[in-house]
Amino acid sequence: RALAHLTDAIVFESAYAACVFAEKVGRVSCQSRVVHNGLARADFDPVEPDTDAAELVFVGELRRLKGVDVLLEAIAMVRRQRKCRAVIVGDGPNAAAFKAQATSLGLADAVRFPGAMPAREGFRLGRILAVPSRAESALCRAGRCGGGIACRRDECRRHSGDRGRDEDAPRTAR
């Protein structure tokens, strides 16, 4: 808001981002446009997982907003009951912290951090795409590549259009 008088235009990568901005900051007084991320039609072709793919894969920037810390906690809980492997694809300002968290949770043998790579290559490394993000606008695009998606309950509802109760979210995400 403090910079509004200095702003000529705002570009959002999705209608969702524009809506969140309006909810949290307020309506923009300058010109605004939604310019979707540049993806080709082929980017939505199904991706077959590798034969040795982990159960879960995360593909994104390694920063707290993306919820990798939440994913690691969830993997640790799942591993108390059964085997579960994950691949965390990406790089970012919190990469070292997430690697340290994985080690402290006893996940060194269950979670790999191969670094950044093209998303489609990363998708092949897991059977279910994990989207634990605290704020994500790419969930619908990722779903069009095929395979399963695991996400936070609030994200499942927001992206499916369901405004029901939290108990409805697992059904919505199917």
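In this report, we go over the structure that sits alongside the text. (Residues numbered from 1 in each chain as written. Predicted model: local features only at pLDDT ≥ 70, side-chain atom pairs only at ≥ 80, totals over all residues. Heavy atoms only, no water.)

### Examining the overall build of the protein chain
The secondary structure content of the protein chain amounts to 7 helices and 7 strands. Mapped in sequence order, the helices and strands of the protein chain form the string β-α-β-β-α-β-α-β-α-β-α-β-α-α. A total of 174 residues make up the protein chain; the buried ones form 31% of that total. (Helix = DSSP H or I, 4+ residues; strand = E, 2+ residues; numbered from the N terminus. Buried < 20%, exposed > 50% of the residue type's maximum accessible area, 1.4 Å probe, protein only.)

### What to know about the pairing of strand β5 (residues 111–115)
Consecutive residues of a regular strand have side chains that alternate between opposite faces of the sheet. Examined bridge by bridge, strand β4 (residues 86–89) and β5 share 3 bridges and lie parallel to one another. For valine 87, the partnering residue across the bridge sits in β5 and is arginine 112. Since β4 and β5 lie parallel, the crossover through helix α3 (residues 95–104) that links them has a hand, and here it is right-handed. (Pairing = 2+ DSSP bridges. Right-handed = clockwise from strand over helix to strand, strands pointing away.)

### Some words on the nonpolar core
Core analysis: the biggest nonpolar cluster contains 18 residues, and Ile75 and Val111 have the highest contact counts within it. For this core, the secondary-structure elements that each account for two or more residues are β3 (54–59), α2 (68–78), β4 and α3. Among the elements that make up this core, the one with the highest residue count is α2 (5 residues). Beyond its immediate sequence surroundings of up to four residues, isoleucine 75 is in contact with Leu56, Cys84, Ala86, Leu107 and Val111. With 9 residues, the next largest nonpolar core counts Val57, Phe123, Leu125 and Val131 among its residues. (Core = buried A, V, L, I, M, F, W, Y, C linked by side-chain atoms within 4.5 Å. Contact = heavy atoms within 4.5 Å.)

### Focus on the pairing of β4
Residue alternation in β4 divides its side chains into two sets, Ala86 and Ile88 and Val87 and Val89, and both sets are buried. Where β3 lies against β4, 4 bridges are found, and the strand directions are parallel. Across the sheet, phenylalanine 58 pairs through a bridge with isoleucine 88, a residue of β4. Between the parallel elements β3 and β4, the chain passes through α2 in a crossover that is right-handed.

### Brief notes about the side chain of aspartate 69
Secondary-structure assignment places aspartate 69 in helix α2. Judged by its relative accessible area of 16%, aspartate 69 is buried. When near neighbours in sequence (up to four residues on either side) are disregarded, aspartate 69 contacts Arg64, Phe98, Gln101 and Arg134.

### Considerations on the pattern of salt bridges
By the definition in use, this model includes 3 salt bridges. In this structure, arginine 85 engages glutamate 55 in a salt bridge whose closest nitrogen and oxygen atoms are separated by 3.7 Å. With a gap of 30 residues between them, arginine 85 in the loop between α2 and β4 and glutamate 55 in strand β3 connect regions that are remote in the sequence. Looking at arginine 85, the relative accessible area reads 35%, which means it is partly exposed. (Salt bridge = Lys/Arg side-chain N within 4 Å of Asp/Glu carboxyl O.)

### Notes on α2
Within the sequence span of α2, burial applies to Val68, Asp69, Leu71, Leu72, Ile75 and Ala76. Down the axis of α2, the buried set is contained in an arc of 160°. They therefore lie on one face. Packing partners of the buried residues in α2 comprise β3, β4, α3, β5 and β6 (126–131). (Arc of directions from axis to C-beta.)

### Things to note about the side chain of glutamine 101
Take glutamine 101: it is sitting in helix α3. A residue is classified by how much of its surface remains accessible, and glutamine 101, at 15% relative accessible area, is buried. Excluding anything up to four places from it in sequence, glutamine 101 contacts Asp69, Leu72 and Glu73.

In short, geometric facts, not functional conclusions.
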